[in-house]
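Residues per chain are reported as follows:
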Amino acid sequence: ITTAYELACSGHQITVLERRGAAAEETSFANAGLVAPGLPARFIGRLFANRAALRLGLPLSTSEMAWLWNSYRSGRADAHLARRARLQSLAIYSRERLHQITSDLKLEYERSDGHLVLLRTEKDSRRLQPELKQLREAGVAFQELDPSQTRKIETALNPDAPLFGAIHVPDDEVGNCRQFALLLKNESQAMGVKFEFNTHVSKVLPTEGVALGVVGEEAARAFDAVVMCAGLDSACLLGPLGLKIGLAGVHGYSVSASIRESLNAPRSVVTDEHFQVSISRLGKRLRVSGAAELGGSKVKKDGTTLATLYQVLNHWFPGAVNLSSGVQEWKGTRAMLPDGPPIVGASGIAGLWLNLGHGANGWGLSCGSARVLADLISGRVPELDCNGLALEQPIT
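Residues numbered from 1 in each chain as written. Predicted model: local features only at pLDDT ≥ 70, side-chain atom pairs only at ≥ 80, totals over all residues. Heavy atoms only, no water.

Novice: Would you mind showing me how to read the sheet that holds strand β10 (residues 221-223) here?
Specialist: The strands making up a sheet associate through backbone hydrogen bonding, with each pair oriented either parallel or antiparallel. Spatially, the three strands line up as an open sheet ordered β8-β9-β10, and their pairing is antiparallel. Every interior strand has two partners, whereas the edge strands, β8 (201-207) and β10, have only one. The average undirected angle you get between the axes of adjacent strands in this sheet is 25 degrees. Where β8 lies against strand β9 (residues 209-214), six bridges are found, and the strand directions are antiparallel. The partner of Val 204 across the bridge, within β9, is Leu 212. (Pairing = 2+ DSSP bridges. Helix = DSSP H or I, 4+ residues; strand = E, 2+ residues; numbered from the N terminus. Axes fitted to C-alpha atoms, helices over the stretch in contact; angles between N-to-C directions.)

Next comes the structure, spelled out in structure tokens:
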């Protein structure tokens, strides 16, 4: 939706083909909502450093095992910090664009400012130091807090919960991704963007321009250009064209419940560094999100993983939500590349462009990625240096 909006702003005629019956029904439906250029989602770097954040579901496919190995190699490579820097630059640029769109269109959605990363132990603090060093070098504002300072910022924290300290990133924020997407869809429609829901694209045909095969239609649809934003299924559509994209579906979970006592709920968003679980305040609800689950079922929810979310919530904010009714348990699949940054740019096939592989950072990177791609398609030089976002960046 951000891509459609930015292309419409650049004067293009846009049609969005969506297999679901409405917008934001998959990975954007109930995610954490964290927009964190300060500490962007760190699953790639943490999969092997913290087993509490990773679960392997069975069976694992051959491609998933290859992805896991490439992730391991990527985390150890000398280029890891450079990739993290590129990801952070895109995240900062994307947040600026998000704020500009929100202001220009006067969009009102659930959001709040500030992010606390809670450290249970000194070990958690030590593990985070290389990333804090990178934040200092990038000029990102943050503060290391002791337990007393932490509880002054987030007064609702359980006073009996052991706490070593926290990292406070005041410029990070949390927002309702689905609400934003639905609002921006309406704005895009008002600009002339055409949305076709319940429309399942089955194949991409490189012709003069690009043609798309649609389930239930005999003739392919021809377009001057196509942008692939199909999440995990992008790899299935691109494979027959000779484009091998190393995407894997890393499942994430969330639990959403209404706030029972406002004074016992966080004011914005906190992240438990050890378990990599975020607790976000979204209006009158709390959303507890986390887990990186590779393999297994895309639909069946793992009871142990859900139990961890409830455990973390009760550890930090006991009694904050009503768990007796209206609780939403959700599992979503994030299309993740093994090395971190997404692929944004040309595919190498005339007329076919890519905007995919954002993984757990999709909400935080969406506006910036869309603006970069719209500039490239329109023949303009993007404001952001796109080095490292092109398809031709391999893992070595």
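Novice: I'm lost on the side chain of Arg 120 in this one. Help?
Specialist: Following the sequence through the fold, Arg 120 ends up in the loop between β4 (111-119) and α5 (122-138). A distance of 2.7 Å separates the side chain of Arg 120 from the side chain of Asp 272, its partner in a polar contact. Apart from residues no more than four positions distant in its own chain, Arg 120 is found in contact with Pro 162, Leu 163, Phe 164, Asp 272, His 274, Phe 275, Val 312, His 315 and Trp 316. (Polar contact = N/O pair within 3.5 Å; in protein donor to acceptor, adjacent residues only side chain to side chain. Contact = heavy atoms within 4.5 Å.)

Novice: In this structure, what is going on with the packing of helix α1 (residues 2-9) against helix α10 (residues 362-377)? I would like to understand it.
Specialist: The axes of two packed helices give the description: the angle between them and the distance between them. Following both chains from N to C, one finds α1 and α10 inclined at 40 degrees, their axes separated by 8 Å at the closest point. In terms of axis orientation, α1 runs oblique to α10. Here α1 and α10 pass one another in a crossing that is right-handed. Note on element contacts: α10 touches α1 through Ser 366, Cys 367, Ala 370, Arg 371, Leu 373, Ala 374 and Ile 377, opposite Thr 2, Thr 3, Glu 6, Leu 7 and Cys 9. Considering only residue class, the contact of α1 with α10 consists of seven nonpolar, three polar and two charged. (Parallel < 35°, antiparallel > 145°, perpendicular 65-115°, else oblique. Left-handed = near helix turned anticlockwise from the far one by under 90°. Nonpolar A, V, L, I, M, F, W, Y, C, P; charged D, E, K, R; others polar.)

Novice: Help me understand the sheet that holds strand β18 (residues 352-356), please; the structure alone is not making it clear to me.
Specialist: Ordered in space as β11-β18-β17, the three strands form an open sheet in which the pairing is mixed. In this open sheet, the two strands that pair with only one neighbour each are β11 (226-228) and β17 (343-346). Within this sheet the neighbouring strands show an average axis-to-axis angle of 20 degrees, counted without direction. Of the strand pairs in this sheet, β17 and β18 are connected by four bridges, and their pairing is antiparallel. Residue pairing in the sheet places Ile 343 in a bridge with Leu 356 of β18. Sheet strands in contact with α10 are β11, β17 and β18, and its direction is about 170 degrees off that of β18.

Novice: Just to check I follow, could you spell out the side chain of Arg 95 for this structure?
Specialist: Of note, Arg 95 is situated in helix α4 (residues 80-105). Although Arg 95 lies buried, it forms no salt bridge, and the closest oppositely charged side chain, Asp 172, sits 4.4 Å away as judged by the N-O distance. Leave out the neighbours within four places in its chain, and Arg 95 touches Val 35, Pro 37, Asp 171, Asp 172 and Glu 173. (Buried < 20%, exposed > 50% of the residue type's maximum accessible area, 1.4 Å probe, protein only. Lys, Arg positive; Asp, Glu negative; His and termini not counted. Salt bridge = Lys/Arg side-chain N within 4 Å of Asp/Glu carboxyl O.)

Novice: Looking at this structure, how should I read the nonpolar core?
Specialist: Inside soluble globular proteins, nonpolar side chains tend to come together where they are buried. Of all hydrophobic cores here, the largest spans 28 residues; its most connected members are Leu 118, Ile 279, Leu 286, Leu 309, Leu 313, Trp 316 and Phe 317. At the level of elements, β4, β12 (248-258), β14 (277-282), β15 (285-295) and α9 (303-316) are the ones that each hand at least two residues to this core. The element best represented in this core is α9, accounting for five residues. Filtering out sequence-adjacent residues up to four positions away, Leu 309 remains in contact with Tyr 253, Ser 254, Val 255, Val 277, Val 288, Ser 289 and Gly 290. In this structure, Ile 343, Leu 352, Leu 354 and Leu 356 belong to the second largest nonpolar core, which totals 17 residues. (Core = buried A, V, L, I, M, F, W, Y, C linked by side-chain atoms within 4.5 Å.)

Novice: Where do I start with the pattern of salt bridges in this structure?
Specialist: A side chain of one charge can pair with a side chain of the opposite charge if their charged atoms are brought near each other. Applying the stated criterion across every chain, the model contains 21 salt bridges. The closest approach of N and O atoms between Glu 293 and Lys 331, which form a salt bridge, is 2.7 Å. Here the residue Glu 293 occupies a position in strand β15, and Lys 331 occupies one in strand β16 (residues 328-336), the gap between them amounting to 38 residues. Residue Lys 331 is classed as buried on the basis of its relative accessible area, which comes to 11%.

Novice: Got a minute to help me understand the pairing of strand β13 (residues 269-272) in this structure?
Specialist: Each regular strand shows side chains that alternate between the opposite faces of the sheet. Residues Val 269 and Thr 271 line one face of β13 and the alternating positions Val 270 and Asp 272 line the opposite face, and both faces are buried. Here β4 runs beside β13; their pairing, made up of four bridges, is parallel. Within β13, the residue paired with Val 117 across the bridge is Thr 271. With four bridges connecting them, β13 and β14 associate as antiparallel partners. Bridge assignment links Asp 272 to a residue of β14, and that residue is Val 277. Between β13 and β14, which follow one another and run antiparallel, lie four residues, and Gln 276 among them has a positive phi close to 55 degrees.

Novice: Could you clarify how one ought to interpret the packing of aromatic side chains in this entry?
Specialist: Two aromatic rings, taken as a pair, are described by how far apart their centres are and by the angle between their planes. On inspection of all chains with the given rule, the structure shows four aromatic pairs. Seen from their ring centres, Tyr 109 and Phe 180 are 5.5 Å apart, and the 75 degrees between their planes marks the pair as edge-to-face. Note that Tyr 109 is positioned in the loop between α4 and β4 and Phe 180 in helix α7 (residues 177-190), a separation of 71 residues in sequence. Judged by relative accessible area, which is 9%, Tyr 109 ranks as buried. Among the aromatic side chains, those forming a connected cluster through ring pairs are Tyr 109, Phe 180 and Trp 363. (Phe/Tyr/Trp six-rings, centres within 6.5 Å; stacked < 30°, edge-to-face > 60°.)

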